[in-house]
Amino acid sequence: MNGEDGGYQGVEESIILKQGEVRMKSRRLGIWRKRNVVLFAPSSKGPTRFVKYADERGFREEKQLSFVRMQDVTTVVRLSFNDDHGITISLAGGEVRQFISNDAEDWLQKLQAEAGKSDSLPLGLYRAYLIPNMFLNFEKECVMEVTAERLNVFEDSTKSRRVISLKISCIRRYTANPEKRNNNLLIENGRSQEEIGESLLLFKSYQAEDIFKHLDRSARRLRGSIASGNSQNSNGSFNPREFGIFLPLEYMQIKPCLNFERLYQVAGLEQSSLQK
């Protein structure tokens, strides 16, 4: 698989399980070339994966040449003609990756530990990274949970420490733009959002489109239940106070918004700086 990670700062070193310089055999020409390879733990940038870069600079600039999802790996064994330093990675589709390293034993152990392992989170949970902002004192990897009524943000998948819980009914707008492939998910909260008030939160995630779709489904169900589950007044219009409940104006304004430029301006953020 080829492509680039959505570049942004702040990914903790703990997400790197192992990194090093190796000599890897090219699949087309069979030439052994010096490459920088990294074994990543699952994060907002992707699942557990073995990524190849041209060199150290390519790694720093996040310009990957290719990657292998470790859940697609069937076996990791010693290279047949070089037991001391060679590694062969076999994939489910029959392809192989071969490389030579002076640290082959450690590579072998770490790759075997991750081979074939599914790192999928339970339904409704997504890995994300919260971009630094003025509204929350939190800026690192996190896990987002979308429920029928709330969007929760936790520090990790154990959900032992919650960062914030947002009422979907108080989210003014939410947007993702998969066409730009920048992995952005932006949440604009209304004044009645309990814990944070009027605010903008920008998340980065390779699952941004999935989060957006799940949030959109919950928002539409909420909007439909509010519109159909409450009575109307004498004029035939919806009266949110009839049963002594106050529903914020944002309740009837839940909708997708694709105007990224305007939202960036409101947040005081430069769009170019968020898409690097």
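All figures in this text were calculated on a predicted structure; none of them were measured in a lab.

Quick notes on the overall build of the protein chain
Then comes step 1: For the protein chain, the helix and strand inventory stands at five helices and 15 strands.
Then comes step 2: Taken across its 276 residues, the protein chain has 48% of its residues classed as buried.
Then comes step 3: Counted over contacts in the protein chain with a minimum sequence separation of 6, partners at least 24 positions apart contribute 48%.
Then comes step 4: Surface exposure of the protein chain reaches about 14,700 Å², of which carbon and sulfur atoms provide 46%.

As for the environment of Val37
Then comes step 1: Locating Val37 in the fold gives a position in strand 2 (residues 32-40).
Then comes step 2: Each C-alpha atom, one on Val37 and one on Phe67, is 9.3 Å from the other, the two residues being 30 residues apart in sequence.
Then comes step 3: Dropping the residues within four chain positions of it, Val37 is found in contact with Lys18, Gln19, Gly20, Val22, Met24, Phe50, Val51, Lys52 and Trp107.

A short note on unusual backbone geometry
Then comes step 1: Its identity is not glycine, yet Glu62 carries a phi of approximately 55°, on the positive side.
Then comes step 2: Relative to the helices and strands, Glu62 resides in the loop between helix 1 (56-60) and strand 4 (64-69).
Then comes step 3: One non-glycine residue, Lys159, lies in the positive phi region at around 60°.
Then comes step 4: Checked against the element boundaries, Lys159 lands in the loop between strand 10 (150-154) and strand 11 (162-167).

Some points on the pairing of strand 7 (residues 96-100)
Then comes step 1: As defined by bridge partners, strand 1 (residues 16-25) adjoins strand 7 across two bridges and the pair is classed as antiparallel. Across the sheet, Met24 pairs through a bridge with Phe99, a residue of strand 7.
Then comes step 2: In this sheet, strand 7 lies alongside strand 6 (residues 82-91) in antiparallel orientation, the contact comprising five bridges. Its bridge partner being in strand 7, Ile89 is matched across the sheet by Arg97.

Points about the sheet that holds strand 1
Then comes step 1: Taking strand neighbours across the sheet as the criterion, the seven strands line up as 4-3-2-1-7-6-5 in an open arrangement whose pairing is antiparallel. Bordering the open sheet on either side are strand 4 and strand 5 (73-79), each of which pairs with just one other strand. Taking each pair of neighbouring strands and ignoring which way they run, the sheet shows an average axis angle of 35°.
Then comes step 2: Relative to strand 3 (residues 49-53), strand 2 is paired through five bridges, and the arrangement is antiparallel. Residue Leu39 lies in a different strand from strand 3, and its bridge partner there is Phe50.
Then comes step 3: Of the strands in this sheet, strand 1, strand 2, strand 3, strand 5, strand 6 and strand 7 touch helix 2 (residues 104-114), which is tilted by about 115° from strand 1.

Structural notes on the nonpolar core
Then comes step 1: Within the largest apolar cluster, 28 residues are counted, with the highest numbers of intra-cluster contacts made by Leu185, Ile187 and Phe203.
Then comes step 2: Put simply, the parts of the chain that give this core at least two residues each are strand 8 (125-130), strand 9 (141-146), strand 10, strand 11, strand 12 (171-176), strand 13 (184-189), strand 14 (199-204) and helix 3 (208-229).
Then comes step 3: Sort the elements by how many residues they give to this core and helix 3 lands first, with six residues.
Then comes step 4: The residues contacting Ile187, other than those within four sequence positions of it, are Leu151, Leu166, Ile171, Arg173, Tyr174, Ser199, Leu200, Leu201, Phe203 and Leu215.
Then comes step 5: If you look at the next biggest cluster of nonpolar residues, it comprises 17 residues, including Val37, Val76, Ile89 and Leu91.

Overview of the pattern of salt bridges
Then comes step 1: Applying the stated criterion across every chain, the model contains 21 salt bridges.
Then comes step 2: The salt bridge partner of Lys45 is Glu62, with a shortest N-O separation of 2.4 Å. Here the residue Lys45 occupies a position in the loop between strand 2 and strand 3, and Glu62 occupies one in the loop between helix 1 and strand 4, the gap between them amounting to 17 residues. In terms of burial, Lys45 and Glu62 fall into one category: buried.
Then comes step 3: The shortest N-O distance in the salt bridge between Arg150 and Glu194 comes to 3.3 Å. Here Arg150 is found in strand 10, whereas its partner Glu194 is found in the loop between strand 13 and strand 14, with 44 residues between them in sequence.
Then comes step 4: Linked through salt bridges whose partners overlap, the residues forming this network are Lys18, Asp103, Asp106 and Lys110.

Procedures and definitions
- Position numbers for residues count from 1 along each chain, tracking the sequence in the order it is written.
- With pLDDT at 70 or above as the cut-off, local features in this predicted model cover only qualifying residues; side-chain atom pairs require 80 or more to be listed or tallied, and sums for whole chains, interfaces and linings still use all residues.
- The side-chain quantities take in all heavy atoms of the structure and omit both hydrogens and water.
- In this description a helix means any DSSP run of H or I spanning at least four residues, a strand means any run of E spanning at least two, and both kinds are numbered starting from the N terminus.
- Here the term buried applies to any residue with accessible area under 20% of the maximum for its type, exposed to any over 50%, and partly exposed to those in between, with areas from a 1.4 Å probe on protein chains only.
- Contacts are residue-level and defined by heavy atoms, with any inter-residue pair within 4.5 Å sufficient.
- Where accessible areas are quoted, they stem from the Shrake-Rupley method and a 1.4 Å probe; at the residue level, only the protein chains shown are allowed to cover.
- Paired strands are those between which DSSP finds at least two bridges.
- Note on geometry: axes are lines fitted to C-alpha atoms, helical ones only across the stretch in contact, with angles between N-to-C directions running from 0 to 180 degrees.
- Only buried residues count toward a nonpolar core. Its members are Ala, Val, Leu, Ile, Met, Phe, Trp, Tyr and Cys residues joined through side-chain atoms within 4.5 Å.
- Within this document, salt bridges are pairs made up of a side-chain nitrogen of Lys or Arg and a carboxyl oxygen of Asp or Glu, the two lying within 4 Å of each other.

Read these as geometric descriptors, not functional statements.
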